[in-house]
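Close look at the chain arrangement
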Amino acid sequence: MKRIGLYFGTFNPIHIGHMVIANHMVEFSNLDEVWFVVTPQSPFKVKKSLLDNHHRYQMVLEATEDYPKLKPSKIEFELPQPNYTVNTLVHLSEKYPVGHQFFLIMGEDNLKSFHKWKNYEEILDGYSIYVYPRVSEGSIEHQFKDHPKIHRVSAPIMQISSTFIRREHKKGKNIKPMLPAAVWKYMDEMNFYR
């Protein structure tokens, strides 16, 4: 049984923070692989600054090429919009009924708002969640604090964000060290986020 951690995000662009978290999850927990699930549209985010799905997927593909345990996934591209995690989890479980067990990876900031997610109880009934630390406001709901399906992984705290990278790149700052080399190359050649 292959244990797959699903790391959802717009990855606009994917950066070294994402890579460090995903690699930590696959090397220092009991997961066999981490799939970067590239989200076309989040119910909580406006689409204004999002690059085309194809380009964001391509950057994840470039970033993970040298890491066999990290894989890009465009599974949500073929699902109805807006994407809800519960629907994607059900879809993946139906698509891979044998030999795969799926787990949800999320930052502590997302756990704080998890009670607002569509059918969050259904997610917790069927799947375990691996939570990595994030510096953020608010507190975790009491019901999630000692939940048997919620596992904390003491991954490094990454303070880099895609928003910061896009904003500073537009200002002409050198953000190259914050990106996997292949992602920087693709982004620079395509003249993205200028």
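Please refer to the structure placed before this passage.
Given the structure is predicted, the values throughout are model-derived calculations rather than measurements. (Residues numbered from 1 in each chain as written. Predicted model: local features only at pLDDT ≥ 70, side-chain atom pairs only at ≥ 80, totals over all residues. Heavy atoms only, no water.)

1. Considerations on the packing of helix α2 (residues 53-64) against helix α8 (residues 181-190)
Axis separation between α2 and α8 bottoms out at 8 Å; the angle between their running directions is 145°. In contact with H54, H55, Q58, M59, E62 and A63 of α2, α8 contributes A182, V183, Y186, M187 and M190. Broken down by class, the residue content of the contact of α2 with α8 amounts to 7 nonpolar, 3 polar and 1 charged. (Axes fitted to C-alpha atoms, helices over the stretch in contact; angles between N-to-C directions. Helix = DSSP H or I, 4+ residues; strand = E, 2+ residues; numbered from the N terminus. Contact = heavy atoms within 4.5 Å. Nonpolar A, V, L, I, M, F, W, Y, C, P; charged D, E, K, R; others polar.)

2. Thoughts on the pattern of salt bridges
Counted by the stated rule, this structure contains 9 salt bridges. Two residues, K171 and E168, come together in a salt bridge whose shortest N-O distance is 3.1 Å. For the salt bridge of E189 with K185, the shortest nitrogen-to-oxygen distance reads 3.0 Å. One end of the pair is E189 and the other is K185, both in helix α8 and 4 residues apart, which spans about a single turn. Residue classification places E189 among the exposed residues on the basis of a relative accessible area of 56%. Here the salt bridges share partners, and the residues they tie into one network are R167, E168 and K171. (Salt bridge = Lys/Arg side-chain N within 4 Å of Asp/Glu carboxyl O. Buried < 20%, exposed > 50% of the residue type's maximum accessible area, 1.4 Å probe, protein only.)

3. Brief notes about the packing of aromatic side chains
What the rule picks out here adds up to 15 aromatic pairs. Ring geometry for W35 and F102: centres 5.6 Å apart, planes at 65°, overall edge-to-face. Residue W35 is found in strand β2 (residues 33-38), and its partner F102 is found in strand β4 (residues 100-107); the two are separated by 67 residues along the sequence. Considered together, W35 and F102 belong to a single accessibility category, that of buried residues. Positioned above the aromatic ring of Y84, the side-chain terminus of K118 is 4.9 Å from the ring centre. (Phe/Tyr/Trp six-rings, centres within 6.5 Å; stacked < 30°, edge-to-face > 60°. Lys NZ or Arg CZ within 6 Å of the ring centre and 35° of its normal.)

4. Some points on the sheet that holds β2
Taken together, 6 strands build an open sheet; the order of strands is β3-β2-β1-β4-β5-β6 and the sheet is parallel. Only two strands of the sheet have a single partner each, and these edge strands are β3 (70-73) and β6 (150-152). For this sheet the average axis-to-axis angle between neighbouring strands, irrespective of direction, equals 30°. One ladder, built from 3 bridges, connects strand β5 (residues 129-132) with β6; its direction is parallel. What sits directly across from Y130, in β6, is H151. Relative to the sheet, helix α1 (residues 16-28) contacts β1 (2-9), β2, β3, β4 and β5, its axis offset from that of β2 by approximately 145°. Packing against the sheet, helix α3 (residues 85-95) makes contact with β1, β2 and β4, and its axis sits at approximately 150° to β1. (Pairing = 2+ DSSP bridges.)

5. Focus on the nonpolar core
The biggest cluster of nonpolar side chains holds 34 residues, and the ones touching the most others in it are Y7, I14, M25, V34 and F36. For this core, the secondary structure elements donating two or more residues are α1, β2, α2, β4, β5 and α8. If one sorts the elements of this core by residue count, α1 sits on top with 5 residues. Sequence-distant contacts of I14, that is, excluding residues within four places in its chain, are made with M19, F36, M59, V60, A63, L179, P180 and V183. Core analysis: the next-biggest nonpolar cluster, separate from the first, contains 24 residues, M106, Y120, L124 and I150 among them. (Core = buried A, V, L, I, M, F, W, Y, C linked by side-chain atoms within 4.5 Å.)

6. Comments concerning unusual backbone geometry
Peptide bonds are, in most cases, trans, and in most cases residues other than glycine have a negative phi. Of the consecutive residues N12 and P13, the connecting peptide bond is found in the cis state with omega at 5°. Note on placement: P13 falls in the loop between β1 and α1. For the bond from Q81 to P82, the omega torsion is -10°, close enough to zero to count as cis. Relative to the assigned elements, P82 resides in the loop between β3 and α3. You will see that N119, though not glycine, has its phi angle at about 50°, which is positive. Position of N119 among the secondary structure elements: in the loop between α4 (108-112) and α5 (120-126). Among the residues examined, N119 registers a relative accessible area of 34% and is labelled partly exposed. Residue N191 is not a glycine yet carries a positive backbone phi of 60°.

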